[in-house]
Amino acid sequence: YNISFAKQEDIESSNGELATLYHVKADIAFAEHKYDEAMNLYQKSIGIYEKRYKAIETDKMSELYSRAAEAALKLKDQFFFKFYLERQEKYFGLEHHRTRALYQLMLL
């Protein structure tokens, strides 16, 4: 699947292959310190996965929420950091290892 040609309908669908590709591209952008690009791609992936999985308590969602929150923190975007941190807390709890890791990042 070529994400360069993804249409808005694809992004708004529950295309798991596209969501996975967005996630991988986001991780690459994050590793390259391209946090704006990573944040945009994480948000697209999250949107597709949330449509695909009505019960979003999956490890994939926890990973995406925490990575999006971390990207937002790197961008100093408090709104999106709090937004994804709250989702992480709500669906996975305060004791989840990724939730705790986000709190550790806040202290740095």
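Residues numbered from 1 in each chain as written. Predicted model: local features only at pLDDT ≥ 70, side-chain atom pairs only at ≥ 80, totals over all residues. Heavy atoms only, no water.

1. Describing the pattern of salt bridges
Put simply, the test is: The rule for a salt bridge is simple: a side-chain nitrogen of Lys or Arg has to be within 4 Å of a carboxyl oxygen of Asp or Glu. For the purposes of this entry, the term helix denotes a DSSP run of H or I that reaches at least four residues, the term strand denotes a run of E that reaches at least two, and both are numbered from the N terminus. Type-normalised accessible area, obtained with a 1.4 Å probe on protein chains alone, sets the label of each residue: buried when under 20%, exposed when over 50%, and partly exposed for intermediate values.
Throughout the structure, instances matching the rule amount to six salt bridges. We note a salt bridge from Arg 98 to Asp 59, for which the minimum N-O separation is 2.7 Å. You can see Arg 98 sitting in helix H6 (residues 97-107) and its partner Asp 59 sitting in helix H4 (residues 59-74), a full 39 residues away along the chain. Residue classification places Asp 59 among the partly exposed positions, given a relative accessible area of 47%. A salt bridge links Arg 100 to Glu 95, with the shortest nitrogen-to-oxygen separation between them at 3.9 Å. Since its relative accessible area comes to 41%, Arg 100 is described here as partly exposed. Among the charged side chains, a network of salt bridges with common partners joins Asp 27, Arg 67 and Glu 70.

2. Focus: the packing of aromatic side chains
Spelled out, the test is: Stacked, edge-to-face and tilted labels apply to pairs of Phe, Tyr and Trp rings (six-membered ring for Trp) whose centres lie within 6.5 Å, assigned for plane angles under 30 degrees, over 60, and everything in between, in that order.
Summed over all chains, the structure comprises eight aromatic pairs. Arranged with centres 6.4 Å apart and planes meeting at 20°, the rings of Tyr 65 and Tyr 91 form a pair that is stacked. With Tyr 65 in helix H4 and Tyr 91 in helix H5 (residues 78-92), the pair connects residues that are 26 residues apart, well separated along the chain. Taken together, a centroid distance of 6.3 Å and an interplanar angle of 15° make the contact between Phe 79 and Phe 83 stacked. In this pair, Phe 79 and Phe 83 both sit in helix H5, four residues apart, roughly one turn of the helix. The exposed category is assigned to Phe 79, whose relative accessible area is 56%. For Phe 83, a relative accessible area of 28% translates into the label partly exposed. Members of the aromatic cluster, connected to one another through ring pairs, are Tyr 65, Phe 79, Phe 80, Phe 83, Tyr 84 and Tyr 91.

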